[in-house]
Amino acid sequence: MYKIVGSPRTRVMRIIWLLEELGLPYELEPAAPRSERILSLNPNGKVPVLLDGDAVLTDSVAICTYLADKHGQFTFPAGTIERAKQDSFTQFGVDELEGALWTSAKNTFANPEGHRVKEVKTVCAWEFAQGLKVLETRLGNGPYVMGEAFTIADIIIGHCSGWAVVTKFDLPSEGPLYEYFKRLRERPAFQAMMEKVKTAA
C-alpha cells in the first residue's frame, strides 16, 4: 500500500486524486511542511512525500508521473508525440498557473515575514489571468487538455484552479474554461479526494 505524507490541503491533493482515479489503496499520514517528520523524508521540507516500500519520492509532479507510468493509466507512453504534448500541458500548469499561485503564497504566509512583498500578489493575480487566457486558447474540442483522454496534466491544472479559489484569484464564470474546470470537479475521484481531505483536515 502507498503512503502519502503531508498536509491534506496542499499539493498532497494531487496524489490523493490520482490514487482515487487509479482505484488503489493508500494511507494518508498528515504532516505539516517543514515538520520534523517531513524533514526526515525531504530535506527541503516540502510536501507531498510518497512512500512506496523503501522508496521515498518527493515533488507532486514527479510522484504523479511515476504512479501514472507505473500503472499505465492517465498518461501517454514515454517517447510518443502525445506524451510530449501532455508533458507540455503539465509544465504549463506548473510554470504559468502554479508559479503565480506559489509566489503569492510565499509572499502571504510561507516566507518569513521579513521576506514577504505583499505588492507582488497583484502581479501574481495578473500573471495567473494571463495563464488562463493561454490555456483557453490551447484547449481543443475534447473534454480534457489531451482531448478525450483524462491525464495527470488535468490533475495538475485542476488542482491549480482550486488553489486559485482559496487565493481569491479570478476564475471564469462561463465559457470553455468554466466548463472544463466543472468537468474536473464532477469526476467521482475528485469528489472522493475532497471528502478524504475534509475528513483528514
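Residues numbered from 1 in each chain as written. Predicted model: local features only at pLDDT ≥ 70, side-chain atom pairs only at ≥ 80, totals over all residues. Heavy atoms only, no water.

Trainee: Quick question: what am I supposed to make of the overall build of the chain here?
Mentor: When its secondary structure is counted, the chain shows 8 helices and 4 strands. The order of helices and strands in the chain, counted from the N terminus, is β-α-β-α-β-β-α-α-α-α-α-α. Here the C-alpha radius of gyration of the chain, 17 Å, is about what a compact globule of 201 residues would show, namely 17 Å. Reported as C-alpha extents along the three principal axes, the dimensions of the chain are approximately 45 × 45 × 35 Å. The burial tally for the chain puts 43% of its 201 residues in the buried class. If you take every contact in the chain between residues at least 6 apart in sequence, the share linking residues at least 24 apart comes to 66%. Carbon and sulfur atoms provide 54% of the accessible area of the chain, an area that totals close to 10400 Å². Positive and negative charge centroids in the chain, built from 23 and 25 side chains respectively, lie 4 Å apart. (Helix = DSSP H or I, 4+ residues; strand = E, 2+ residues; numbered from the N terminus. Rg over C-alpha atoms; globule rule 2.2 N^0.38 Å. Buried < 20%, exposed > 50% of the residue type's maximum accessible area, 1.4 Å probe, protein only. Contact = heavy atoms within 4.5 Å. Areas by Shrake-Rupley, 256 points an atom, 1.4 Å probe, with all protein chains shown as cover. Lys, Arg positive; Asp, Glu negative; His and termini not counted. Charge placed at Lys NZ, Arg CZ, Asp CG, Glu CD.)

Trainee: Looking at this structure, I do not really get the packing of helix α1 (residues 12-22) against helix α8 (residues 188-200). What am I missing?
Mentor: What describes two packed helices is the angle between their axes and the distance between those same axes. Where α1 contacts α8, the two axes come as close as 8 Å, and the packing angle between them is 130°. If you check the angle between α1 and α8, you find them oblique. Between α1 and α8 lies a crossing whose hand is right-handed. Between α1, through M13, I16, W17, E20 and E21, and α8, the contact on the second element is made entirely by A189, F190, A192, M193, M194, K196 and V197. Residues belonging to the contact of α1 with α8 are distributed by class as follows: 9 nonpolar, no polar and 3 charged. (Axes fitted to C-alpha atoms, helices over the stretch in contact; angles between N-to-C directions. Parallel < 35°, antiparallel > 145°, perpendicular 65-115°, else oblique. Left-handed = near helix turned anticlockwise from the far one by under 90°. Nonpolar A, V, L, I, M, F, W, Y, C, P; charged D, E, K, R; others polar.)

Trainee: Just checking my understanding: could you explain the pattern of salt bridges for this structure?
Mentor: Side-chain pairs of opposite charge can arise where the charged atoms are in close proximity. Applying the stated criterion to the full structure yields 12 salt bridges. Note that R187 is salt-bridged to E21, the shortest N-O span being 2.8 Å. Here R187, found in the loop between α7 (176-186) and α8, pairs with E21, found in helix α1; they are 166 residues apart in sequence, far enough to count as distant. Since its relative accessible area comes to 15%, R187 is described here as buried. Residue class for E21 comes out buried when judged on its relative accessible area of 14%. The closest approach of N and O atoms between E29 and R37, which form a salt bridge, is 2.8 Å. Residues participating in the shared-partner salt-bridge network are K3, E27, E29 and R37. (Salt bridge = Lys/Arg side-chain N within 4 Å of Asp/Glu carboxyl O.)

Trainee: Looking at this structure, I do not really get the packing of aromatic side chains. What am I missing?
Mentor: Aromatic ring pairs are described here by two measures, namely the spacing of the ring centres and the angle between the planes. Counted by the stated rule, this structure contains 6 aromatic pairs. Consider the rings of Y144 and F150, whose centres lie 5.3 Å apart with planes at 75°: the pair is edge-to-face. In this structure Y144 comes out as buried when scored by relative accessible area, which is 12%. The class of F150 is buried, set by a relative accessible area of 8%. Aromatic ring contacts, followed pair by pair, group W17, F74, Y144, F150 and F190 into a single cluster. Directly above the aromatic system of W102 lies the positively charged group of R11, at a separation of 4.9 Å from the ring centroid. Directly above the ring of F89 sits R138, whose terminal nitrogen or CZ lies 4.1 Å from the centroid. (Phe/Tyr/Trp six-rings, centres within 6.5 Å; stacked < 30°, edge-to-face > 60°. Lys NZ or Arg CZ within 6 Å of the ring centre and 35° of its normal.)

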